[in-house]
Amino acid sequence: MRRRLFSMLTAVAVACATVGAAVAGGTASASSSVAAAEPYQWKNVRIDGGGFVPGIIFNQTERNLIYARTDIGGAYRWEQSSKSWTPLLDWVGLDKWGYNGVVSLATDPVETGRVYVAAGMYTNSWDPNNGAILRSADKGATWQATALPFKLGGNMPGRGMGERLAVDPNRNSIVYLGAPDGNGLWRSTDKGVTWAKVASFPNPGNYAQDPADPNGYLSHRPGVVWVTFDKSSATAGNTTQKIYVGVADKENTVYSSANGGTTWTRVAGQPTGYIAHKGVLDNTGQTLYIATSDTGGPYDGAKGDVWKLNTATGVWTQISPIPSSSADDYFGYSGLTVDRQRPGTLMVATQISWWPDVIFFRSTDSGATWTRVWDFTSYPNRSFRYTMDVSSSPWLTLGANPQPPEVAPKLGWMTESMEIDPFDSNRMMYGTGATLYGTEDLLKWDTAGAQFTIRPMVKGLEETAVLDLISPPSGAPLVSGLGDIGGFRHTNLDAVPPMMFTSPYFTSTTSLDYAETNPAVMVRSGNFADADRPNDSHVAFSTDGGANWFQGGEPGGINEGGTVAAAADGSRFVWAPKGVGVHYSVGFGNTWTASTGLPTGAVVESDRVNSSKFYGFNAGTFYASTNGGVSFTATAATGLPAVGNVKFKAVPGREGDIWLAGGETGASGIWHSTNGGASFTKLSGVTSAVNIGFGKAAPGRSYQALYTLATVGGVSGVFRSDDTGATWLRINDDQHQYGNAGEAITGDPRIYGRVYLGTNGRGILYADNGGVVPPADTVPPSRPGTPAASAITSSGATLTWTASTDAVGVSGYDVYREAGATDVKVGSPTGASFAVTGLSPDTSYSFYVIARDAAGNSSTASSPVTFRTIPGSAGSGCTAAYRVTNSWQGGFQGEVTVKNAGTAAISAWTVKWSFPNGQTITQLWSGVHTQTGADVTVKNTSWNGSLAGGASTTFGFGAGWTGTNGVPSTVTCTIG
């Protein structure tokens, strides 16, 4: 049960906590004193639209001052010179992410620089914060905030109703707010600084879509949903006396005050049975128009009416274009607007009319008669008073080829906001579930045979929810996976792509991947309504970099896409659909076979070098597969986050190099593994993280740049590291925080410094560092301390040393064993300790250490440590010592000495190790070997298995390597 935050508030003014103003766009925060480390320039990857626009608000006294509000993507201001929208809430950070849900917006008709936003995304537990009133005196350039003692729901049911915020047109210090969930009507008398509940307002609204919803979403009560002033009831500077208020209550939906809000009454004679979504007053005709529906919307609504009230006589008249009593009314009404230049002209939209399309109605005689934007002629044919030009956003056809009476693109859906420009009768804008449309020749509607033109008016307004992003090393620079509209191949970041993914079309693409060494091969998985397309699959493939797609088969029971991964060479794929066990496919999904060892619900990724390696993660456990996803085994890694959203990725060009980010507060951060997930090291200084990605290495450096959305050193933001996470630079600033971000982040493998950031409602952002190149790091780390040997056994020891220091950061160490002319590197730990194994009993060894930094600089070698292993004893088994005897580019020769460590004779032995860098044995002598992935097993031959106490034998091998040729960290020998 949802716990009510406040059961009663008095009429005494409540001075809510006020968040201080910040310069040039936002509120002050903990990170405001931290400047961006580099001059990054942030802008959107153009898609134009992609989400629901529930509100468009024209200022009534300043021409071309127009605002738009979105349900999860903040608010925007219209720029007439460029005919584009400027985002206003990008300064909202992760701590107040819900402020991007805008349930209402009001623009001041007296001081037109003033604008107010009612911010808050959810009224249930999903949003941890209460709502707030954001106020600006400079058209949204800078803001201050007043926290409210209750939540607001910019993405809750009923969000298309309104506007809830309204400024008194005569005395603009007075601002009203209609509140949800029993909180009633609120008022500010000081331009939004403080707020108090209007105790005399009698009805907070009782409607809920589903009062019993256990999730607290459909049980939301929209409450008080619009406020309208009768400007003529007062003079400038005095409180407007007549006010009308809409309430989500089917029996009592309109209230009024005749004394400036002191007392309120239910308007007599009003219609019942429906909710007034909109209430618009035509001041010239003193007529209040309301558009009603049987639900709160925005997705539903089956009946409704349009009414007008003569405010002078109190007479209500039903003026529905199609009345609710008609069988032809299968929709509610919303999207109500009047022409301020032409009294008596009004328009209204169907709230929902999915088939064949939304309907707009227009009247020029105060609702006595209506014309439709389209009419049926001879079914299934229709005639149209409009034509649509979507050449600026061609994807709005959704790739559809519908049969009459449907057309592509649709005129719209979820049309809760439709506004005629108060200064220009020819201009009208309206919002849909996918974009914002408009026209500049609306008056052609009234001319027989003429057609007005509707075009997208959405440039700059980016509202997609981004679920995944990939930036391959060749082909298009970016491919996106999006909610609601599937995703795109972006060949030009500054141009709208022509079409989203089709064949098949996913409503939402949940996961993307490409083959690292064959990037033309791509795979995506996603969601759609299975009942609509029972023969389609939730996975698709491309062999031309995402330009064209084809679907594969799928295992049974799949309803959602989950995550999918491509082998490094594109030869196979591993898929973890949501709610279904993990499967693998050799080839392009013609058949799928269940993987073993990885639980349902795991996230999967591929190694970016070894095509046989895949990785998985679930509930704090990391899994690895070395046989192409046939089976997975839990690694020994500990300390990983068991709860919360966790993302991990493997680094291109480095086998087994993995970064993991995420978790919940208190157990969040970034972890790094260089051994295929066998163990992870948590980065210090990163106290929480959302996601991590990679991009082109900085000039002069070999390791890819890291990008993360995280809290580093107490500062939250977007960061880049050029030195393997040793140090981080903040690359966003307080005005570009994008509070709903991080489900997707990646760098560009071709352009150093470029980052792509996915948001939930503000589209895809990309940023470049303006060509800034970090200074070359030519200073090597300091000399490590002399190693100390401890825990010495007959076959190993532990080495520890004093860590090196470096101006940028030490990335790791190389441990060498002195072996005459050619010393042998035995390991490359990231920290200042290393366990040496595979030594022979009663033998003297010398080891030294060299430190490395991310720029490839190496320190002076440490002084060596010399120690002697302890002698073996009877029955103590055997030992194996591994060494590289010769090496060349792409190949090497090795030798292993097997020694009986005891005094009793043995008759057989088995040696095992795991190659750290994917080396492959090509031939082996004096032994019998098998190799599975990195794992090698060697048994004796018939002639060298018998060893007397203390005796030894050797076997040799030839092998291939790429990139790195490290020696195994552990070589074991067992008898038998």
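Residues numbered from 1 in each chain as written. Predicted model: local features only at pLDDT ≥ 70, side-chain atom pairs only at ≥ 80, totals over all residues. Heavy atoms only, no water.

Trainee: Would you take a moment to explain the overall build of the protein for this structure?
Mentor: Secondary structure summary: the protein contains zero helices and 74 strands in total. Structurally, the protein occupies a C-alpha span of about 115 × 60 × 50 Å along its principal axes. Of all 976 residues assigned to the protein, the portion counted as buried reaches 58%. Long-range pairs, those at least 24 residues apart, make up 57% of the contacts in the protein between residues at least 6 apart in sequence. Approximately 34900 Å² of the protein is accessible, and the part contributed by carbon and sulfur atoms is 51%. Side-chain charges of the protein comprise 66 positive and 74 negative groups, with the mean position of each set lying 2 Å from the other. (Helix = DSSP H or I, 4+ residues; strand = E, 2+ residues; numbered from the N terminus. Buried < 20%, exposed > 50% of the residue type's maximum accessible area, 1.4 Å probe, protein only. Contact = heavy atoms within 4.5 Å. Areas by Shrake-Rupley, 256 points an atom, 1.4 Å probe, with all protein chains shown as cover. Lys, Arg positive; Asp, Glu negative; His and termini not counted. Charge placed at Lys NZ, Arg CZ, Asp CG, Glu CD.)

Trainee: Quick question: what am I supposed to make of the packing of aromatic side chains here?
Mentor: Within a pair of aromatic rings, the relevant descriptors are the distance that separates the centres and the angle that separates the planes. For the structure shown, the criterion picks out 46 aromatic pairs. Here phenylalanine 550 and phenylalanine 588 contribute two aromatic rings whose centre-to-centre distance is 5.6 Å and whose plane-to-plane angle is 75°, an arrangement assigned as edge-to-face. With phenylalanine 550 in strand β40 (residues 550-551) and phenylalanine 588 in the loop between β43 (583-586) and β44 (593-594), this residue pair connects regions lying 38 residues apart in the sequence. Phenylalanine 550 sits in the partly exposed class, given a relative accessible area of 33%. Every member of this aromatic cluster is reached through a ring pair, and the members are Tyr882, Phe892, Trp909, Trp913, Phe915, Phe955 and Phe957. The ring centre of tryptophan 549 lies 4.6 Å from the NZ or CZ of arginine 524, which sits over that ring. Lying across the ring of phenylalanine 528, arginine 533 places its NZ or CZ 4.1 Å from the centre. (Phe/Tyr/Trp six-rings, centres within 6.5 Å; stacked < 30°, edge-to-face > 60°. Lys NZ or Arg CZ within 6 Å of the ring centre and 35° of its normal.)

Trainee: Mind showing me how you'd approach the pairing of strand β17 (residues 254-257) here?
Mentor: Walk down a regular strand and you will see the side chains alternate between the two sheet faces. Covered by surrounding structure in β17 are Val254 and Ser256 together with Tyr255 and Ser257, the residues of both alternating faces. Pairing between strand β16 (residues 243-247) and β17: four bridges, direction antiparallel. Opposite tyrosine 244, over in β17, you have serine 256 as the bridge partner. Of the pairings in the sheet, the one linking β17 to strand β18 (residues 265-266) comprises two bridges and is antiparallel in character. Following the sheet pairing, serine 256 is matched in β18 by threonine 265. (Pairing = 2+ DSSP bridges.)

Trainee: Explanation requested: a nonpolar patch on the surface in the structure shown.
Mentor: Together, Trp354, Trp355, Phe376 and Tyr379 give the surface a local cluster of nonpolar side chains, amounting to about 470 Å² of exposed area. Position of tyrosine 379 among the secondary structure elements: in the loop between β27 (374-376) and β28 (382-384). (Patch = residues over 30% accessible without salt bridge, like charges linked within 9 Å, V, L, I, M, F, W, Y side chains within 5 Å. Salt bridge = Lys/Arg side-chain N within 4 Å of Asp/Glu carboxyl O.)

Trainee: Can you walk me through the sheet that holds strand β2 (residues 41-44) in this structure?
Mentor: Strand pairing in a sheet relies on backbone hydrogen bonds, with the paired strands running either antiparallel or parallel. Overall, antiparallel pairing links the four strands, which are arranged β2-β59-β58-β57 in an open sheet. Of all the strands in the sheet, just β2 and β57 (741-747) have a single pairing partner and so form its edges. On average, each strand axis in the sheet is tilted by 25° relative to the strand beside it, whichever way the strands run. Sheet topology places β57 next to strand β58 (residues 755-759); four bridges connect them, and they run antiparallel. In the sheet register, isoleucine 745 faces β58, and the bridge partner there is leucine 757. (Axes fitted to C-alpha atoms, helices over the stretch in contact; angles between N-to-C directions.)

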